[in-house]
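Letter by letter, the chains look like this.
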Amino acid sequence: ALFGHEKGAYTGADTRRSGSFEQAHGGTIFLDEISTIDDRVQVSLLRLLETRAFRRIGGNDRIGTDVRIITATNENLEQAVRRGDFREDLYYRLEVFQIHMPPLRDRQGDLPLLIDHFLKRYSLEYKRPVMGLTPKCLALLEAYDWPGNVRELKNVIHRAVVVCPGEVLTPDHLKSR
C-alpha cells in the first residue's frame, strides 16, 4: 500500500501499517506502470506531490514525506491524458525529467548482457549448472522481435534454464514461437 493504514481502517486491518511513501522517506520510490493507477490514487498522489504530506487510510494525522519519485510506464501518458485516462495535472507534476527507453528490439547490444544476467540469476535460483548458450540459440534470440520486451526475454530464459538438463541452452530449450 502506498499510504499505509491505521488499525481498524477496514476489515482485517488489525495493526497500523506504514506505506511505501512513509518507508521511502528521505529516499526514492519507484512506481511502475503509473498509467494503470485508478482515479482515486491519482488524486492522492497529486495531493502528496503538492503538499509533501499524506494521511494513512483511516488516519487523521498528516505525515510529511520527502521522497524522489521515479515512475515507469509502457503507455504514452500524453495520449492517456488526451483520452482522459490520466490526470493532466498529475502528468505535469511527474513529467519533470523524461527518459525514453527504446524497446529491446531496438537495443540489440543489450540482448547478450540481459541473457547473461538472467542465465546467472535463474541458474543460481534453481541450482542449475546452465552456463551459456549455443551460437544458434543466441542467433534465434537475436532474430526475434521481442514484442514483450525485457519481461518476455526474462520469461524465455527462465523457462529455458528450468528445462535445460545440461550446461548449455540450445534452441530446443526455447519456447516455440
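Sequence order as written defines residue numbering, which begins from 1 separately in each chain. Per-residue local features of the predicted model are confined to residues with pLDDT of at least 70, and side-chain atom pairs are confined, for both listing and counting, to 80 or more; whole-chain, interface and lining totals are unaffected and use all residues. Values shown for side chains rest on all heavy atoms present in the structure; no hydrogens or waters enter the calculation.

Caption draft 1: Structural detail: the nonpolar core. Counting 20 residues, the largest nonpolar core has F21, I34, L45, F86 and L90 as the members making the most contacts within it. In DSSP terms, a helix is any run of H or I states spanning at least four residues, a strand is any run of E spanning at least two, and both are numbered starting from the N terminus. Taken together, the elements giving at least two residues each to this core come down to strand 1 (28–31), helix 2 (39–51), helix 3 (77–83) and helix 4 (88–94). Contact partners of F21, with chain neighbours within four places excluded, come to L2, F3, I29, L31, L45, L48, F54, T65, V67 and I69. Definition of nonpolar core: a set of buried residues of the types Ala, Val, Leu, Ile, Met, Phe, Trp, Tyr and Cys, connected through side-chain atoms within 4.5 Å. Throughout this description, buried means an accessible area under 20% of the type-specific maximum (1.4 Å probe, protein chains only), exposed means over 50%, and partly exposed covers the range between. Residues I115, F118, I157 and C164 belong to the second largest nonpolar core, which totals 19 residues. By definition in these notes, contact holds between two residues if any of their heavy atoms fall within 4.5 Å.

Caption draft 2: Region of the structure containing the pattern of salt bridges. A pair is scored as a salt bridge if a Lys or Arg side-chain nitrogen falls within 4 Å of a carboxyl oxygen belonging to Asp or Glu. Inspection of the entire model under this criterion finds 11 salt bridges. The shortest N-O distance in the salt bridge between R151 and E33 comes to 3.5 Å. Placement of the pair is R151 in helix 7 (residues 149–163) and E33 in the loop between strand 1 and helix 2, with a sequence separation of 118 residues. For D116, the salt bridge identified is with K120, shortest N-O distance 3.1 Å. Of the two residues, D116 and K120 both sit in helix 5 (residues 110–125), 4 residues apart, roughly one turn of that helix. Residues joined by salt bridges that share partners form a network here, namely E6, R16, E22 and R56.

Caption draft 3: View of unusual backbone geometry. In this model, R52 sits at a positive phi of 55 degrees, which is unusual for a non-glycine residue. Note that R52 resides in the loop between helix 2 and strand 2 (53–54). Within the chain, N149 stands out as a residue other than glycine whose phi angle is a positive 60 degrees. Structurally, N149 is set in helix 7. Taking relative accessible area as the criterion, N149 reaches 29% and is therefore assigned partly exposed.

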